[in-house]
Amino acid sequence: MAELLDRLTQDHRHLVRVLDLLDDLLDRFHAGDEPDYELMCEMLEYIESYADQVHHPNEEDIFDRLRAHTDERYPVLDRLTDQHLQLTRINKQFRQSLEGIVHEEVLRRDQVEVQGRELVEALREHLDLEEREAFPLARERLSAGDWERLLATTSSHEDPLFGPAGRRRFHTLCQYLTERDRL
Ligand SMILES: [Fe+2]
Ligand SMILES: [Fe+2]
């Protein structure tokens, strides 16, 4: 029934793998290493092109259906909607800073690290809140008909990293993820 929720939960597992890798890179950055900025930019491009443009909008469709379902207010949904906007902003800002470094603009390393940590922390907290509160609420309140309508209307873009085409577009990131799994 809630096939869409299963897909979104699977997306979360994938995003956590990307965040774990980003955490490793930020640790190395903190220790003074020069990380692979282009790899980091690829990660942010993935988050932007899939999480921000496909995954979160799919969730917004579910939240809207929940809101339309009843007169009851769900403050957690409003909080998550705000977080969707904030996450897009944090991601863009961090990506611009990284691209600045790649193009040899002078940026303070500690500020770049703070931005990266902010993104990782905000996204982890967000995924957790959805799984703890919003997804169970949707499972409980939405009917089979709701899920059918949602499946018919939500965009089902393929995941550009973990889907079959991912190896082409995010080649470097894909390699790093595979190597990390071997450790
Ligand atoms: Fe979300
Ligand atoms: Fe999510």
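Quick note: structure is the one above.
Residues numbered from 1 in each chain as written. Chains lettered and ligands numbered in written order. Predicted model: local features only at pLDDT ≥ 70, side-chain atom pairs only at ≥ 80, totals over all residues. Heavy atoms only, no water.

S.K.: What is the right way to read the packing of helix α1 (residues 3-30) against helix α2 (residues 37-69) from this model?
M.R.: Packed helix pairs are characterised by how far apart their axes lie and by the angle those axes make with each other. At a minimum axis separation of 11 Å, α1 and α2 run at an interaxial angle of 155°. Regarding the angle of α1 to α2, the classification is roughly antiparallel. Of the two possible hands of crossing, α1 and α2 adopt the one that is left-handed. (Axes fitted to C-alpha atoms, helices over the stretch in contact; angles between N-to-C directions. Helix = DSSP H or I, 4+ residues; strand = E, 2+ residues; numbered from the N terminus. Parallel < 35°, antiparallel > 145°, perpendicular 65-115°, else oblique. Left-handed = near helix turned anticlockwise from the far one by under 90°.)

S.K.: Would you take a moment to explain the coordination of the iron ion (ligand 2) for this structure?
M.R.: Under perfect tetrahedral coordination by four donors, a metal shows angles of 109.5 degrees; under perfect octahedral coordination by six donors, it shows angles of 90 or 180 degrees. Around the iron ion (ligand 2), the protein contributes the donor atoms His12 (NE2), His55 (NE2), Glu59 (OE) and Glu130 (OE), at 1.9 to 2.2 Å from the metal centre. Taken together, the four donor atoms surrounding the iron ion (ligand 2) define angles of 81 to 174° at the centre, an arrangement classified as irregular. All donors to the iron ion (ligand 2) come from one chain, and their sequence spacing reads H-x42-H-x3-E-x70-E. Between the iron ion (ligand 2) and the iron ion (ligand 1), a spacing of 3.2 Å is present, and a bridge between the two is formed by glutamate 59. (Donors = N, O, S within 2.8 Å, 3.2 Å for Na, K, Ca; no water. Tetrahedral: all angles 85-135°; square planar, octahedral: opposite > 155°, others 65-115°.)

S.K.: How should the pattern of salt bridges be read in this particular structure?
M.R.: Pairs may arise between side chains of opposite charge once their charged atoms sit close together. In total, this model carries 20 salt bridges according to the counting rule given. Of the charged contacts, one joins glutamate 113 and arginine 117 as a salt bridge, the two residues approaching to 3.2 Å between their closest N and O atoms. With glutamate 113 and arginine 117 both in helix α4 (residues 109-141) and four residues apart, the pair spans about one turn of that helix. Since its relative accessible area comes to 14%, glutamate 113 is described here as buried. Where arginine 132 meets aspartate 128, a salt bridge forms, and the shortest distance between an N and an O atom there is 2.6 Å. One end of the pair is arginine 132 and the other is aspartate 128, both in helix α4 and four residues apart, which spans about a single turn. The partly exposed category is assigned to aspartate 128, whose relative accessible area is 41%. Linked by salt bridges that have partners in common, Asp20, Asp23, Asp27, Glu113, Arg117 and Arg124 make up one network. (Salt bridge = Lys/Arg side-chain N within 4 Å of Asp/Glu carboxyl O. Buried < 20%, exposed > 50% of the residue type's maximum accessible area, 1.4 Å probe, protein only.)

S.K.: Whenever I open this one, the environment of glutamate 130 confuses me. Can you help?
M.R.: Within the fold, glutamate 130 resides in helix α4. A C-alpha to C-alpha distance of 9.3 Å links glutamate 130 and threonine 9, two positions 121 residues apart in sequence. Once residues lying within four places of it in the same chain are set aside, the contact partners of glutamate 130 are His12, His55, Glu59, Phe63, Leu80, His84, Phe135 and Pro136. A distance of 2.8 Å separates polar atoms of two side chains, one belonging to glutamate 130 and the other to histidine 126. (Contact = heavy atoms within 4.5 Å. Polar contact = N/O pair within 3.5 Å; in protein donor to acceptor, adjacent residues only side chain to side chain.)

S.K.: Explain the coordination of the iron ion (ligand 1) here, please?
M.R.: Around the iron ion (ligand 1), the protein supplies His56 (ND1), Glu59 (OE), His84 (NE2), His126 (NE2) and Glu130 (OE) as donor atoms, at distances of 2.0 to 2.6 Å. Donor residues for the iron ion (ligand 1) sit on one chain with the sequence pattern H-x2-E-x24-H-x41-H-x3-E. Owing to a relative accessible area of 3%, histidine 56 belongs among the buried residues under this scheme. Take histidine 84: its relative accessible area is 5%, and that puts it in the buried class.

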